[in-house]
Amino acid sequence: MPSAWAPAPGLEPNLPPYEVFTAPIEKPEIDDREYRILRLQNGLRALLVHDPDADKAASSLCVAVGAFHDPDDAPGLAHFCEHLLTKGTEPYPEEGDYIAYVCAHGGSRNAATGGMSTDYWFAVAPDSLAGALAYQAAFFYAPLFTPELTKREVHAVDNEYRRNLQNDTRRMNQLTKHLSLPGHPFHQFGTGSYESLTESPRRTLPEGTDEERILLETRSRLVAWWEAQYCSRRMTLVIVGKDSLDALAACAVPLFSKIPDRGLDPAPAITAPVWGPEHKGTLVFAQTAKDVHKLALQFALPNLASYWESRPVSVLAHFLGHEGPGSACAYLKQRGWLLELTAGLSTGSHARGPQIFEIGCLLTVDGYLNYESVLATLFQHIAVLRAAQPLPDWHHAELQTMAATRFRFAQKAAPHRYAQALSRTGSQPYPPEHVLSGPHLFRTRDDAVLRRVLDGLAPREGRAFVWAPTHRAEVVGDDGLRTDGWATERWYGTRFAVRPLGAALRARLEAAIAPDARYLALPRPNPFIPSEEGLRVDKGPEGAEPAKYPTLIVRTAAARLWHKQDDRFWVPKADVYVVVKSRLAYASPRHAMLSRLLVDLVDDALAEVTYDASLADLAYALSNHTDGLVLHVSGYRDKLAVLLRTVLEKLRTLAVAPDRLRVAKEKIRREYENFYLQQPSNLSEQFARWAYEPVVWTPAEKVPELEFIGEKDVDGHRDALLSKVALEMLVNGDATREGALEYLSLAEDILRPRPLLPSEIPTRHALVLPEGSNFVFRKRHANKNETNNALSYYIQVGLEADARSRAIASLLCHLMHEPPFSTLRTKEQLGYVVAANRWSVAGATHGLLVKVQSPRPPWAVEARVDAFLAGFGDTLGAMAAPAFAAARAGLVAARRERAKNVAEEGARFWARVRAGDCDFVRADTDADAIGALTLADACAAYDALVHPARAAATRRKLSVQLVSQHTTEAPPAPAPGAEAEAAFKAGLGRTPAARVVVSRAFGEHEGAERALLEGGGPGSGVLGRFL
C-alpha cells in the first residue's frame, strides 16, 4: 500500500524540507475550512487550518510530556517548566515581551500541564500571527530559564499550589493519586510547591547551603529535565489562520524546524498497573474542606487506547451515568440519597497513561448515612448492564446516530479552543485522516471488549471513597473516630483512613453483582433523537448579506418577541430564550428563596425526562434572577417545541412533594453555606459587586427562610409570580417567523398571565459612587483553614449607555491587561491570582477591576496596587505612538469579532435584550469609538479617572479587602462594619433604567418605540457623563 505521506512539492528557497499527508481528512459536513497535516524533518507534526472567515488566528502546541514524567524527587517539575518556558528566549530575552505582544494585538494566551501532556496556546489578530508564532517556536528551541526568573517563578508555582489547598476537587484528585503504587508516575504530586521543587537540592547539597545556591541547583535540575524530555517528535502543533495553507506552511516550517530532535519516543506511554492488591477492595474515608458528602467508586481499567473505534469507556459512561428511568441515578434520587451522579474517566486519565473509571455520587446526608446501600445500587446497575450483553442493536444505533449527527453539524468555536483541542487529539493514537473525527464517532462495536471491562467492575477490583467534612460514628464506627486510625496526605493535608471492605459489606456487594430488575433497567428508546427530515436545512440565496440583529415581530402589553432566522451557519439548531419578569421573584429574602426553590424543584421533577433530551443535544436551563425567571431552550429544531412545552407545563403545574422539597432545601443550604468558603479572590469580587447593587439578598440572609417554607408556600409563590408578568422572548437560529410566533403562543397558552403595567416591570440599576471616593470595606474569610487574603479594587468609570465612556474604559483596560500580571505577579510575587479587567455592574456602569489573591495582608497589597497604578500613568504617558496604534487596532479587531456559531450569536443578542437597551450593534459602535481615541485621550482619561494622586479628587474607587483568619498583622486603619456599609449604600445615587436604542431592529414597531421614548417612557432618564 503506498504511503499517504509525500515530500512537500514546490518548496520555496531556504525552506526546510517536510512531508505532507496526502489522504483526505474526514471533517464535518458543514465545515468550510481547509486542512493540511505536515511532518517536519525533526518529527514534529503540524495541522494547518485555513479558515477564510477567521477574525482571530491561533496556535497551540501540545508536548506529549506532563506531570507523570516528573522525576521522583522533584514533583511539579513539568509544571514549573511550563511556567518558565514562555518568559524569555534567546531571540526575545525580555520575560514579558511575549505576553505584551499577544495582549497588544487583541489576543490571549495560556498554558496548562496535564498528567501526560502540556499545552501552550495563543490567539491574536490574524495579521499578527507570524510574530506570535516566532515567539512560540522559540520557547522550544531556545528558552533561557534565567536564574533570576527561576527564583521568582518557583514562588509563583508555590502560590498556585497554596491557592488550591482548600479546593476539594484538588484534594480528592491528589488523594486518589497518593493511594496508588509508590514510585508509579500516577503517584506524583503534579502541581508542585517550593518545598517539592527544592527538596532534592536540600538533600544533596551540604547542610547550611544558602537559598541562592539551592535555587540555582533547582534550575539546573529543570534544564536537565527539559533537555531529557522535550523533543520535537513529541510535539503536535495546530495553527488556525486566515492565510492560505501554503502561507501558513511557509511561516511555520522554518520556525518550528529549529526545535531539536533528541530521538525520544514520540508518544511515551505508561502501561504499568497503577494499583497493587492492597488498593483493591478497599474503603477510604476522607475529610472535605467544604460541606460536601460524596461517594466515588473507582476502577483501574486496562489500557484501551487501541479500541478508539468502539470507544468502550464512552459506552460505559453512557449507561452507568444515565439519569433516565431505570437508572441508578433515578432510583437513588427517589430514595432521597442522591443529588448528582457522574460517570467517566477521572481527572488525570489519558489514553497513553493510567485510566481510572469513576462513578461519582454527590450525596445528601441521608445518602451518606446509607452509603453502603448506595454502593450496592451501583454494583446492581453494573450487573444489569453486564447481564444485557450483547446489547440490543438499537442501543448502539442511538449512540452512533447522535455521535454522527453531532460531528456532521459541528460548528466553529473560538480558534484558540479549536487549536488546543486538536493539538491534544493529535497526541492521541488516531490515524491522521481521523484527527478531527477520531474522538467523536463510534465506528464499530466490540461486545467482547465491553464484556471484559464489565467483568472487571467487581467489588474485589474497585475501591470506594466516602467524603464528608466530619465523619459520624454510625458510618465509620466508634473506633473510626479515633485519630490513630487516620493519616494525613502530605501536600493538601487531607485526613483519611483506609480500610478493607468488611466481611458483611463485601458479601452484600458481591451479592449485588446479580442483577435486580425490580427498580433498575437499561434505558428506553430516546424519543428526542431528531429525524432525518428534522435535520434538513433550507439555505437562503447565495451571496445574501446576513442580518446583524433580530427583529421585533410582536410588541403587546403582555409580550415582546424578537426573531432572527439563521442566515449564516446553516445548522438545524435554534435557541429560544424567555424571561418572565415579575418583582415577586426578588421582593424579599423569602421571595428570593422561594424562587430558587421553585426553579430547583422543576429541574428535579424533569430530570429523568430531560436527560434523554440532553443526550439528543437538546438542553434547557431555568434560573431565577432579580427581575424574574429566565428559561433557555436550545438544540435541534426537530424536537425543540416538545422540550419547551415540557418545561413550561412543569413550571405551571408542578406539585411539590415533601420529600423532594426536603432534598432541595438541603442542597441549597449546603450551597449557600459553602458560598462563604470559596476562593478568596472570587469571594472578594462578589462582595465588591454587592456594594454596587441597590438591593442584594445575600445567602446568609436567605438561608434562615428555609425552615419557614413548606410545599404550599412554593405552590403559592409560583401561582402569584406567574399570575401577572411581562414576557420577553428571543428566537434565534433555524426557526421561521411563523415558528417563532408558535413558540410565543405556546408560552402564553401555558402560562396564561395578565400583563404587568409598565411601572410594574422590574428594571436593573447600579449605585454610583461620588467623585473623590476612596472607600475600603474589610471582611474576614469564614474558612479558618484558608491562608490567602484577597483584594478587589474597583474604579467606576462611567455609564454603559455612554459610548465614549465605554470606549475609554475598554481601551484603558486593554492597555492595562498585561502589566499588572507582569509587575504584581511575576516581579513582585504578590500571589498567583492577579488580574485587571473591565468590569460591569448590572449592565449599567463600567470600570476597571484589579483583583489579587495573596498571602500578604490585603492592605499591603492595596498599597502595591496604588503604586502600580501611579507608575502605569507614567508608562502610558511615555508610550510610543506606533505601540499605542497597534494596541488600539488589536482591541478594535477584538470588538469586531463575529459570532462563531448559532449559540454564540443568540447569546450576544439575548445579552442586549436582558440589558434593556436592545443595542444589537453595540460592538460595532464601540469599535468605531475606540478607533477614534488618541493617546492623548487615553492619558487624559487615566489622569482624571484612575491615577491615585492626579485623580484623587475626581475618581470613584472602592475596594474590598478579604482577610484570612491566619493574618494577624493589624490594619493601618479601621474599616466600616456592616451597618456602615448599609448606610453607605443608602446614601448613593443610582443609575436610571437602561435607555432603549431604537433602530431598524424594531421593524414595524420602530415608530411606536420612538414615541414612547420621546414621551418620557421607561429608560428615558439620563445621568450626566462621568467623563
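Computed from a prediction, not measured in an experiment: that's the story for all the values here. (Residues numbered from 1 in each chain as written. Predicted model: local features only at pLDDT ≥ 70, side-chain atom pairs only at ≥ 80, totals over all residues. Heavy atoms only, no water.)

Colleague: Hey, could you go over the overall build of the protein for me, with residue numbers and the actual values?
Modeller: Across its full length, the protein holds 33 helices and 29 strands. Here the C-alpha radius of gyration of the protein, 29 Å, is about what a compact globule of 1027 residues would show, namely 31 Å. Counting across all 1027 residues of the protein, residues that qualify as buried make up 57%. (Helix = DSSP H or I, 4+ residues; strand = E, 2+ residues; numbered from the N terminus. Rg over C-alpha atoms; globule rule 2.2 N^0.38 Å. Buried < 20%, exposed > 50% of the residue type's maximum accessible area, 1.4 Å probe, protein only.)

Colleague: Give me the packing of helix α12 (residues 371-387) against helix α15 (residues 447-455): which residues, what numbers.
Modeller: Look at α12 against α15: their axes get within 10 Å of each other, and the N-to-C directions meet at 155°. Put simply, α12 runs roughly antiparallel to α15. Crossing of α12 against α15: the hand is left-handed. In this structure, α12 uses I382, L385 and R386 to contact α15, whose residues at the interface are R451, L454 and D455. (Axes fitted to C-alpha atoms, helices over the stretch in contact; angles between N-to-C directions. Parallel < 35°, antiparallel > 145°, perpendicular 65-115°, else oblique. Left-handed = near helix turned anticlockwise from the far one by under 90°. Contact = heavy atoms within 4.5 Å.)

Colleague: I'd like a rundown of the pattern of salt bridges, residues and numbers included.
Modeller: Taken as a whole and judged by the stated rule, the model has 77 salt bridges. Here D604 makes a salt bridge to R660, at a shortest N to O gap of 2.8 Å. Taken as a pair, D604 in helix α18 (residues 589-615) and R660 in helix α20 (residues 658-675) lie far apart in primary sequence, 56 residues in all. One salt bridge in this structure joins R806 and D926, with 2.8 Å as the shortest N-O distance. Of the two residues, R806 is situated in helix α25 (residues 803-815) and D926 in helix α30 (residues 922-931); the sequence distance between them amounts to 120 residues. Residue R806 is classed as buried on the basis of its relative accessible area, which comes to 3%. Several salt bridges converge on common partners, so that one network encompasses D32, D51, D53, K412 and R898. (Salt bridge = Lys/Arg side-chain N within 4 Å of Asp/Glu carboxyl O.)

Colleague: Any chance you could break down the side chain of Q829 for me, citing the residues and the numbers?
Modeller: Relative to the assigned elements, Q829 resides in the loop between α26 (819-827) and β26 (833-841). Polar side-chain contacts of Q829 include one of 3.0 Å to the backbone nitrogen of A156. Setting aside its immediate chain neighbours within four residues, Q829 contacts R152, E153, H155, A156, N159, L824 and R856. (Polar contact = N/O pair within 3.5 Å; in protein donor to acceptor, adjacent residues only side chain to side chain.)

Colleague: Mind laying out the nonpolar core, listing which residues take part and the relevant values?
Modeller: By size, the foremost hydrophobic cluster in this structure holds 65 residues, and its most contacted members are L597, L631, V714 and M729. The element best represented in this core is α18, accounting for 9 residues. Counting 61 residues, the second-largest nonpolar core is a separate cluster that includes V102, C103, Y230 and I259. (Core = buried A, V, L, I, M, F, W, Y, C linked by side-chain atoms within 4.5 Å.)

Colleague: Lay out the sheet that holds strand β6 (residues 108-113) in plain terms, naming residues and giving numbers.
Modeller: An order of β1-β2-β3-β4-β8-β5-β7-β6 is seen for the 8 strands of this open sheet, with the pairing classed as mixed. Looking at strand neighbours, the two that pair on one side only are β1 (5-7) and β6, the edges of this open sheet. Going across the sheet, the axis of each strand differs from the next one's by a mean of 20°, ignoring polarity. As defined by bridge partners, strand β5 (residues 57-63) adjoins strand β8 (residues 235-241) across 6 bridges and the pair is classed as antiparallel. Opposite A58, over in β8, you have V240 as the bridge partner. Packed on one face of the sheet, helix α3 (residues 129-141) meets β5, β7 (118-124) and β8 and runs near 160° to β7. Seen against the sheet, helix α8 (residues 245-256) touches β2 (18-21), β3 (34-40), β4 (45-50), β5 and β8 and runs at an angle of roughly 25° to β3. (Pairing = 2+ DSSP bridges.)

Colleague: Can you lay out the sheet that holds strand β10 (residues 294-301) for me, pointing to particular residues and giving the numbers?
Modeller: The 7 strands are arranged β11-β12-β10-β13-β9-β15-β14 in an open sheet whose pairing can be described as mixed. Strands at the two margins of the open sheet, each flanked by one partner only, are β11 (338-345) and β14 (487-488). Note: β10 against strand β12 (residues 355-363), 8 bridges, orientation antiparallel. Pairing of L295 across the sheet is with C361, part of β12. Along the sheet face, helix α5 (residues 168-178) touches β9 (282-287), β10, β13 (462-468) and β15 (495-500) and points at about 145° away from the line of β13.

Colleague: Which residues make up α5, and what values do they have?
Modeller: Think of an α-helix as 3.6 residues a turn; residues three or four steps apart then line up on the same face. Every buried residue of α5 is accounted for by D168, R171, M172, Q174, L175, T176 and K177. Looking at the buried side of α5, the elements it contacts are β9, β10, β13 and β15. Where α5 starts, the residue carrying a side-chain oxygen 2.9 Å from the main-chain nitrogen of T169 turns out to be N167.

Colleague: Let's hear about the pairing of β2: which residues, and what values?
Modeller: Sheet topology places β1 next to β2; 3 bridges connect them, and they run antiparallel. From the neighbouring strand, A6 faces β2, where its bridge partner is V20. Looking at chain direction, β2 and β3 are connected through 3 bridges and run antiparallel. Looking across to β3, one finds that Y18 is bridged to L40.

Colleague: Tell me about the pairing of strand β16 (residues 551-555), residues and numbers included.
Modeller: Pairing between β16 and strand β17 (residues 559-565): 4 bridges, direction antiparallel. Counted as the bridge partner of L552 is W562 from β17. Between the antiparallel neighbours β16 and β17 lie 3 residues.

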